[in-house]
Amino acid sequence: TLTESGYVGDDVESILASLIEQSGGDIERAERGIIFLDEVDKIARKSENVSITRDVSGEGVQQALLKIVEGTKVKVQMKRNRKHPQGESIEIDTTNILFMCSGAFVGLDNIQNKEKGMGFVHQEKEQEETSVTQDHLVKYGLIPEFVGRIGNIITLKKLTVEELRGIILESNISPFLQYRKLFLTEDIALDVDDKAVSMIAEKCHS
C-alpha cells in the first residue's frame, strides 16, 4: 500500500506513525522498536528501462525508505485521534529501530541461474546452495542504495511435506482444526483421513 508522498496510498512516514501508536505514544519505546516490511519485493522497479511515467509505488517508495532506514531524525505527522487531537508532528530517531524486510521474490532464482558456469565449475555450483547476494537483489529491481542498507540477507528453505503435514494437523492456524472446533459446537466430530492430509501436503509442496 506504500507510495511516494503526495500520491494515493500510504506515505512511508505512516509506518513510523503506526509504530508510535503501537508503543502507546512512548517515543523512547518506539525508538527501540522493530518494523517488519513484508512483501518488499513488490516495491522493486517495474523495469530496468527508464520510464516516462513515475514509478511511485516501486522505486519511489525505495527512495522514500532510505531516509528512515539509514538512521536519522524524522518528523512524523500523527493522525488525528483521541491521543493526538491536533494531529501534531512528532520527531522520532530511527537509528536504533530494527528494520526487517521479507518477500517471496518470485523469479529471483532465474537471476541466480544465469550466473552458473559451464563444465566442472557448473557441476560444483549445482551441488552448492546458491546464496542470494546484493547484486541479485539489484538485478531484481531494488536500488543499490536500499540494498546497501540491508545488513544481512537470509534465504529461507522451502517447507518439506512433513512440515506441511504438521501445519495441517498441529498448527494453531490450521483451517482443519478450526473447522473441527466449529463442528464440535454442533456436536459433530470432524475427521480427515491421513491419506487426504498427505495429498494436501504434497499438492502444497509442489
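Everything below is about the structure shown above.
Here the structure is a predicted model, which is why all the values come from computation and not from measurement.

### Details of the overall build of the chain
For step 1, the next point in the chain: Each helix and strand in the chain was counted, giving 10 helices and four strands.
For step 2, the next point in the chain: Ordered by position in the sequence, the α and β elements of the chain form the string α-α-β-α-β-β-β-α-α-α-α-α-α-α.
For step 3, the next point in the chain: Once local pairs closer than 6 in sequence are excluded, the contacts in the chain between residues at least 24 apart make up 55%.
For step 4, the next point in the chain: Accessible surface computed for the chain: about 14800 Å², of which carbon and sulfur atoms make up 51%.

### As for the side chain of Glu 13
For step 1, the next point in the chain: Relative to the elements of secondary structure, Glu 13 occurs in helix H1 (residues 13-22).
For step 2, the next point in the chain: Those residues in contact with Glu 13, other than ones at most four positions away along the chain, are Lys 67, Val 74, Lys 75 and Val 76.

### Let's talk about the environment of Arg 149
For step 1, the next point in the chain: Counting through the fold element by element, Arg 149 comes out in the loop between helix H7 (144-148) and helix H8 (161-170).
For step 2, the next point in the chain: Along the backbone, Arg 149 and Gly 71 are 78 residues apart, and their C-alpha atoms lie at a distance of 9.9 Å.
For step 3, the next point in the chain: Once you skip the residues sitting within four places of it in the chain, Arg 149 turns out to touch Leu 66, Val 69 and Glu 70.

### Quick word on the pattern of salt bridges
For step 1, the next point in the chain: Tallied over the entire structure, the rule returns six salt bridges.
For step 2, the next point in the chain: With its nearest N and O atoms 3.9 Å apart, the salt bridge here joins Glu 162 to Arg 165. Remark: Arg 165 and Glu 162 occur in helix H8; sequence separation between them is three residues, near one turn of the helix.
For step 3, the next point in the chain: Taking the relative accessible area as the measure of exposure, Arg 165 reaches 14% and is therefore buried.
For step 4, the next point in the chain: Shared partners join several salt bridges into a network, and the residues in it are Glu 162, Arg 165 and Asp 194.

### Some points on a nonpolar patch on the surface
For step 1, the next point in the chain: A cluster of nonpolar side chains, Ile 34, Phe 36, Leu 98 and Met 100, forms an exposed patch at the surface whose accessible area comes to about 390 Å².
For step 2, the next point in the chain: Take Met 100: it is sitting in strand S4 (residues 98-101).

### Thoughts on the packing of H8 against helix H10 (residues 194-205)
For step 1, the next point in the chain: Two elements in contact, H8 and H10, have axes whose closest approach is 9 Å; the angle formed by their N-to-C orientations is 120 degrees. Regarding the angle of H8 to H10, the classification is oblique. Once H8 is placed against H10, the crossing between them reads as right-handed. The residues of H10 that touch H8, namely those facing Val 161, Leu 164, Arg 165, Ile 168 and Leu 169, are Asp 194, Val 197, Ser 198, Ile 200, Ala 201, Glu 202, Cys 204 and His 205.
For step 2, the next point in the chain: Residues belonging to the contact of H8 with H10 are distributed by class as follows: eight nonpolar, two polar and three charged.

### A few points about the nonpolar core
For step 1, the next point in the chain: Within the largest apolar cluster, 36 residues are counted, with the highest numbers of intra-cluster contacts made by Leu 16, Ile 35, Leu 65, Ile 68 and Phe 146.
For step 2, the next point in the chain: Elements with a minimum of two residues in this core: H1, strand S1 (34-37), helix H3 (59-69), strand S2 (73-77), strand S3 (89-93), helix H4 (108-113), helix H6 (134-140) and H7.
For step 3, the next point in the chain: Setting aside anything within four residues of it in sequence, one finds Leu 65 in contact with Val 12, Ile 15, Leu 37, Ile 43 and Phe 146.
For step 4, the next point in the chain: Within the second largest apolar cluster, six residues are counted, among which are Phe 176, Leu 177, Val 197 and Ala 201.

### Structural notes on H10
For step 1, the next point in the chain: The terminal C-alpha atoms of H10 lie 17 Å apart, and with 12 residues this matches the ideal 16 Å at 1.5 Å per residue to within 8%.
For step 2, the next point in the chain: All of the buried residues in H10 are Val 197, Ser 198 and Ala 201. Projected onto a plane normal to the axis of H10, the buried residues spread over an arc of 100 degrees and lie on a single side. Away from its buried face by more than 90 degrees, H10 exposes Lys 195, Met 199 and Lys 203.
For step 3, the next point in the chain: On its buried face, H10 sits against H8.
For step 4, the next point in the chain: The N-capping residue of H10, defined by a side-chain oxygen 2.9 Å from the backbone nitrogen of Lys 195, is Asp 193.

So, how was this worked out
- Residues numbered from 1 in each chain as written.
- Predicted model: local features only at pLDDT ≥ 70, side-chain atom pairs only at ≥ 80, totals over all residues.
- Heavy atoms only, no water.
- Helix = DSSP H or I, 4+ residues; strand = E, 2+ residues; numbered from the N terminus.
- Contact = heavy atoms within 4.5 Å.
- Areas by Shrake-Rupley, 256 points an atom, 1.4 Å probe, with all protein chains shown as cover.
- Salt bridge = Lys/Arg side-chain N within 4 Å of Asp/Glu carboxyl O.
- Buried < 20%, exposed > 50% of the residue type's maximum accessible area, 1.4 Å probe, protein only.
- Patch = residues over 30% accessible without salt bridge, like charges linked within 9 Å, V, L, I, M, F, W, Y side chains within 5 Å.
- Axes fitted to C-alpha atoms, helices over the stretch in contact; angles between N-to-C directions.
- Parallel < 35°, antiparallel > 145°, perpendicular 65-115°, else oblique.
- Left-handed = near helix turned anticlockwise from the far one by under 90°.
- Nonpolar A, V, L, I, M, F, W, Y, C, P; charged D, E, K, R; others polar.
- Core = buried A, V, L, I, M, F, W, Y, C linked by side-chain atoms within 4.5 Å.
- Expected span 1.5 Å × (residues − 1).
- Arc of directions from axis to C-beta.
- Polar contact = N/O pair within 3.5 Å; in protein donor to acceptor, adjacent residues only side chain to side chain.

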